[in-house]
Amino acid sequence: MERQCFMTFRRVIMAALAATAMASATLVPSSPAAAQTQPQELKIGIVTFLSGAAASPFGIPARNGAEILLESINKGSLPAPYEKKGFGGVKVVPVFMDEASGPDPISAYRRLASSVDFVIGYISSEHCLSVAPAAEEEQKLTVLFDCGTPRIFEDNSYRYVFRTTATAAVDNIAAARYVYSRYPNLKTVSGINQNYAWGQDSWKDFSSAIKSLDSKVKIDAAQFPAIFAGSYSSQISTLLAADPDVIHSSFWGGDAEGLLIQGAPLGLFSRSHVVLTAGEPILHRQGIASLMPSGVVLGARGPHGPLAPENKLDAWFSKAYADRYNTEPAYPSYHMAQAVLGLKAAYEKAQAASHSEHPTTAQVIAAFTHLSFETPSGTITMALGKGHQAVEPAAYGVTKVENGKVTLTDVKRYPVECVNPPEGIKAEDWIARHFPGAKNCPK
Amino acid sequence: MTAILVDGVVYASWIFLVSVGLTLVFGVLRILNIAHGSLYAVGAYTGAWLVVRYFQPGMPLALSFALLLAGALIAGLVLGPLIERLLLRFTYGRDEVMQLLVTYALFLILGDLTKLIWGVNPYYAYAPYSMLGNVSIGNVPYPRYDLVLIGLAATVGIGLWLMTNRTRFGRLMTAVIGDREISTALGINVPLVCTVAFTIGTVLAALGGAFTAPTISVVPGIDVTVIVLSFAVVVIGGLGSLEGAALGSLIVGIARAIAVHRFPDLDLVTIYVVMVIVLIFRPQGLFGRAEVKRL
């Protein structure tokens, strides 16, 4: 009897939960009308990791970048071509949301989208993949700012979704080109990558790009420890025993730092040439940057941070960030800058085209599509995904330790057409077909 | 082959250190403590913070180890009695689902408290790890620190076995594990035994964290990995069995080392494959005892 009562009670609870879920779903406003009213201010939902393992290396630097930019935009203190206050004179107000705020990113996105005019967000590729269709349903202009999976626009096309950074394939193609030209006698390549989509895709792109550049290079079995595994001693000893010429790793955050802490004293970084495609943030970590030895090939997921080209915007951004946060901006801050400035440029272009202070979402989308705009990392062009996906140049350098300070030397820059596949070709096909149409690649 | 053996034993030592507290707590309190990973994280943060704060280059290496040990003791001795007295004792004998929910809530609370106290930026306390240097085994360098971990795991294992089997408190604990009601009737101070046992479990979790801290970047999120691994090892060995945790760790360590060296793609699933195989043949784990359900 007691069990029966319990079962009945459980059913009641389940029914109540289901009813609540359905009620919540119907309560979420799906009309985009709110964005079309005449706003005194524009609210921008900004989604980034504010907690969890990705907060410190990515989420917080991205949020800091957004804060500095939006405050300066409202003051009108940005260098050209962004001197105009706000977005075309309209004040912008950030609404921050933690990307790790719950198990259901889609519901969280819908809640946020219902109360803001635009959304900028998402570091996790999984979140980008699941939020993009929701953005279409909500008809909310959403700018993906950091996630790397090429699948967003290679497998689908979206009207309301834009991504202002290049895909992760570009990082690994450029890394392969750098390694190939820097180490001409390359014979064996191995890797250590996290065992989830990011790590597996990065290794697949890098190893197949190397093979495409030189079919004689032997690709060893790569290591795939679990994400946040913490201890890599077995993998390190396996790599040391195999002694490959090059070791590729797309490790990020605490995992990249753990690899450095455990691998550097054992000579992992001196016996092989190690490539860290997302290693640049380590250079800004007081307390661990000193462990970084000379000779490590370092990437910043684009021409960011120490790999950024010299321009007034970068000089302003680096200084403003360092003055406020007492550290240099890492690449996630630059990715955020690209999203904020891209949206500002699109909004103001739409204003000019529509002769209205408050363009509609459709007008901003039209202006954003195929847009070219200036950023601290150079000119970004929305060239792929029918004008919704950015292409970027790439850059890699090698670490040099001098007087206890780590700098990047032998920096090579790869123009857009050398590392980005053309429209209509998937990155993995472009690699497999030996990069048709690639040009201006540095030797 | 040597490399597989060395890597296997090193990993087994680490995983034994971080999981033995979980099995001890389950053995005595009959609570599957999901917050075990959080206690590991608090130990890691406390140890790392002490090393970063008080250990300077040029100081004797032993001091850094003393600071790690102090970190584990402070974290364990403060949190253990507090959690057991203020929270867990109200869940004894209750439904397992309720106990899981309470310890899961504790896991979330401790995770946020950790961020409140230490922030989200990482702590680096690698001095003890790098200062010890390397030793060459079969032409491959290994950090001496790994040998320290092996020694520490062996010391903890032997110490716990001696405490359980050779001391008065150990016999009291065994009585409480056997039958809480009869132990109470016999005049054993069961609440005190529970508090002390949970505190020892907490110190062990914190010890695992503190001595892992020099090898990693201490960041939010390190608690999750550990709790999953610990559960797997403890289930393989048999919930509540010290010998089971030791053998389970060794089996998982060697199996994982074979995977890393020979089939790196399988690294992630090794521990779960071992768990499935063991549970098919011994659902109660290697050293677990099948329980008679009391009505």
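All chains use their own residue numbering, which begins from 1 and follows the written sequence. Following the order in which they are written, the chains are lettered starting with A and the ligands numbered starting with 1. The predicted nature of this model means local features are confined to residues of pLDDT at least 70 and side-chain atom pairs, given and counted, to a pLDDT of 80 or more, with totals for whole chains, interfaces and linings taken over all residues.

Undergrad: Break down the overall build of chain A for me, with residues and values.
TA: Looking only at helices and strands, chain A features 16 helices and 15 strands. Radius of gyration: C-alpha atoms only; globule rule: 2.2 Å multiplied by the number of residues to the exponent 0.38. A compact globule built from 443 residues should have a C-alpha radius of gyration of about 22 Å, and chain A, at 23 Å, falls within 12% of that. Counting only residues that meet the buried cut, chain A has 54% of its 443 residues in that class. In chain A, the proportion of contacts linking residues at least 24 apart, taken out of those at least 6 apart, comes to 68%. In DSSP terms, a helix is any run of H or I states spanning at least four residues, a strand is any run of E spanning at least two, and both are numbered starting from the N terminus. Between the buried cut of 20 or more and the exposed cut of 12 or fewer other C-beta atoms within 10 Å of a residue's own C-beta lies the partly exposed class, and all C-beta atoms are placed from the backbone. We call two residues in contact whenever the C-beta atoms placed from their backbones are within 7 Å.

Undergrad: Tell me about the overall build of chain B, and please be specific about residues and values.
TA: When its secondary structure is counted, chain B shows twelve helices and two strands. Against the 2.2 N^0.38 benchmark of 19 Å for 295 residues, chain B shows a C-alpha radius of gyration of 19 Å, consistent with a compact globule. Taking the principal axes of its C-alpha atoms as reference, chain B extends roughly 60 × 45 × 35 Å. Relative to its 295 residues, chain B shows a buried fraction of 51%.

Undergrad: So what's going on with the environment of Ala432 of chain A? Residues and values would help.
TA: All names here are of chain A. You can see Ala432 is positioned in helix H16 (residues 427-432). The sequence separation of Ala432 and Lys75 amounts to 357 residues, and the corresponding C-alpha distance is 49 Å. With residues near it in sequence (within four places) discarded, Ala432 still touches Ser208 and Ser212.

Undergrad: Residue-level account of the pairing of strand E6 (residues 188-191) of chain A, with values.
TA: All names here are of chain A. DSSP bridges decide pairing: two strands pair if at least two such bridges lie between them. Direction of pairing for E6 relative to strand E7 (residues 218-219): parallel, over a ladder of two bridges. The residue bridging Thr188 from the neighbouring strand is Lys218, located in E7. Viewed along the sheet, the connection from E6 through helix H8 (residues 197-213) into E7 turns out right-handed. Note: E6 against strand E8 (residues 246-249), three bridges, orientation parallel. Of the residues in E8, the one forming a bridge with Gly191 is His248. Handedness of a crossover is defined as follows: orient the strands so they point away from the viewer, and if the path from the first strand over the helix to the second runs clockwise, the crossover is right-handed.

Undergrad: Please provide a residue-by-residue account of the interface of chain A and chain B, values included.
TA: Taken together, the 35 residues of chain A in the interface contact 36 residues of chain B. Per-element tally for the side of chain A that touches chain B: the top contributor is helix H9 (residues 233-242) of chain A, with seven residues. Looking at the side of chain A that touches chain B, its residues break down into 16 nonpolar, 18 polar and one charged. Gly is placed with the polar residues, together with every amino acid not listed as nonpolar (Ala, Val, Leu, Ile, Met, Phe, Trp, Tyr, Cys and Pro) or charged (Asp, Glu, Lys and Arg).

Undergrad: Can you explain helix H13 (residues 331-354) of chain A? Please cite residues and give values.
TA: Helix span, expected: 1.5 Å multiplied by one less than the number of residues in the helix. Between its first and last C-alpha atoms H13 of chain A spans 34 Å; for 24 residues at 1.5 Å apiece the expected length is 34 Å, and the two agree. Within H13 of chain A, 20 of the 24 residues are buried, which leaves it mostly tucked inside the rest of the structure.

Undergrad: Tell me about the confidence of the model for chain B, residues and numbers included.
TA: A residue's pLDDT is simply how confident the predictor is in it, with values from 0 to 100. Overall, the predicted model of chain B reaches an average pLDDT of 91, with 98% of residues at or above 70. Here the predicted complex carries an ipTM of 0.86, next to a pTM of 0.85.

Undergrad: I'd love a proper account of the nonpolar core, names of residues and values included.
TA: To define a nonpolar core, we join buried Ala, Val, Leu, Ile, Met, Phe, Trp, Tyr and Cys residues through C-beta atoms within 7 Å and take the resulting set. If you look at the biggest cluster of nonpolar residues, it comprises 230 residues, and the most contacted ones within it are Ile120 and Val340 of chain A together with Leu17, Ala197 and Ala206 of chain B. Of the residues forming this core, the biggest block, 19 residues, is contributed by helix H1 (residues 2-29) of chain B. Here this core spans two domains, and each of domain 2 (33-167 + 310-391) and domain 3 (169-307 + 394-432) of chain A adds at least three residues to it. Residue ranges labeled as domains rest on an automatic or database domain assignment.

Undergrad: Tell me what's going on with unusual backbone geometry, and back it up with residues and numbers.
TA: Residues and elements named next belong to chain A. The omega angle of the peptide bond from Ala80 to Pro81 is 5°, so this bond is cis rather than trans. Residue placement: Pro81 occurs in the loop between helix H3 (55-75) and strand E2 (91-98). With a phi angle near 55°, Lys386 is a residue other than glycine that sits in the positive phi range. One can find Lys386 in the loop between strand E12 (378-384) and strand E13 (389-391).

Undergrad: Please give an account of the packing of helix H2 (residues 36-54) of chain B against helix H4 (residues 96-118) of chain B that cites residues and values.
TA: Residue and element names in this part refer to chain B. Here H2 crosses H4 at 15°, and the two axes come no closer than 9 Å. One finds that H2 runs roughly parallel with respect to H4. Of the two possible hands of crossing, H2 and H4 adopt the one that is left-handed. On H4, the residues touching Gly37, Ser38, Ala41, Val42, Tyr45 and Trp49 of H2 are Phe107, Leu110, Gly111, Thr114 and Trp118. Tallied by class, residues from the contact of H2 with H4 come to seven nonpolar, four polar and no charged. Angles here are taken between N-to-C directions and fall from 0 to 180 degrees, while the axes themselves are lines fitted to C-alpha atoms, restricted in helices to the stretch in contact. For this classification, under 35 degrees means roughly parallel, over 145 means roughly antiparallel, 65 to 115 means roughly perpendicular, and everything else is oblique. In this scheme the crossing of two helices becomes right-handed for a clockwise turn of the near helix relative to the far one and left-handed for an anticlockwise turn of less than a right angle.

Undergrad: Any details on the sheet that holds strand E15 (residues 405-414) of chain A? Residues and values, ideally.
TA: Residues and elements named next belong to chain A. Ordered by their spatial adjacency, seven strands build an open sheet running E7-E6-E8-E9-E10-E14-E15, and the pairing between neighbours is mixed. The sheet is open, and its two edges are formed by E7 and E15, each paired on a single side. In the packing of H8 onto the sheet, the strands contacted are E6, E7 and E8, and the crossing angle to E6 comes to about 175°.

Undergrad: Mind laying out the environment of Leu242 of chain B, listing which residues take part and the relevant values?
TA: Residue and element names in this part refer to chain B. You can see Leu242 is positioned in helix H11 (residues 242-262). For the pair Leu242 and Leu22, spaced 220 residues apart in the sequence, the C-alpha separation amounts to 10.0 Å. Residue contacts for Leu242: discarding those within four places in its chain leaves Val20, Thr23, Leu160, Trp161 and Thr164.

Undergrad: Any details on the pairing of strand E3 (residues 118-121) of chain A? Residues and values, ideally.
TA: Residues and elements named next belong to chain A. Residues Phe118 and Ile120 point to one face of E3 and Val119 and Gly121 to the other, with burial holding for every one of them. Strand direction decides the pairing type here: E3 and strand E4 (residues 142-144), joined by three bridges, are parallel. Across the sheet, residue Val119 finds its bridge partner in E4, namely Thr142. Of the crossover connections in this fold, the one passing from E3 over helix H5 (residues 125-138) to the parallel E4 is right-handed.

Undergrad: Residue-level account of the packing of helix H7 (residues 168-182) of chain A against H8 of chain A, with values.
TA: Residue and element names in this part refer to chain A. The geometry of H7 relative to H8 is characterised by a closest axis approach of 8 Å and an angle of 40° between their N-to-C directions. Here H8 runs oblique to H7, going by the angle between their axes. Classified by chirality, the crossing of H8 by H7 is right-handed. Residues Ala168, Ala169, Asn172, Ile173, Ala175, Ala176, Val179 and Tyr180 of H7 lie in contact with H8, whose contacting residues are Asp201, Ser202, Asp205, Phe206, Ala209, Ile210 and Leu213. Looking at the contact of H7 with H8 residue by residue, the class counts come to eleven nonpolar, two polar and two charged.

Undergrad: Account for helix H14 (residues 361-368) of chain A, naming residues and giving values.
TA: All names here are of chain A. Among the residues of H14, Val364, Ile365, Ala367 and Phe368 are the ones counted as buried. Projected onto a plane normal to the axis of H14, the buried residues spread over an arc of 165° and lie on a single side. Where the residues of H14 are buried, they touch strand E5 (161-163), H13 and E12. Of the residues one or two after H14, His370 is the one with positive phi, at around 65°. Here the arc refers to the directions that run from the helix axis out to each C-beta atom.

Undergrad: Hey, could you go over the confidence of the model for chain A for me, with residue numbers and the actual values?
TA: Mean pLDDT for chain A: 89, with 91% of residues reaching 70 or above. Considering only residues more than four positions removed or in separate chains, one finds that residues 1-36 of chain A, a stretch of pLDDT under 50, has twelve contacts.

Undergrad: Can you tell me about the environment of Thr375 of chain A, naming the residues and giving the values?
TA: All names here are of chain A. Inspection of the secondary structure assignment puts Thr375 in strand E11 (residues 372-375). As a C-alpha pair, Thr375 and Gln235 span 140 residues in sequence and 39 Å in three-dimensional space. Once residues lying within four places of it in the same chain are set aside, the contact partners of Thr375 are Leu313, Ala337, Gln338, Leu341 and Ile380.

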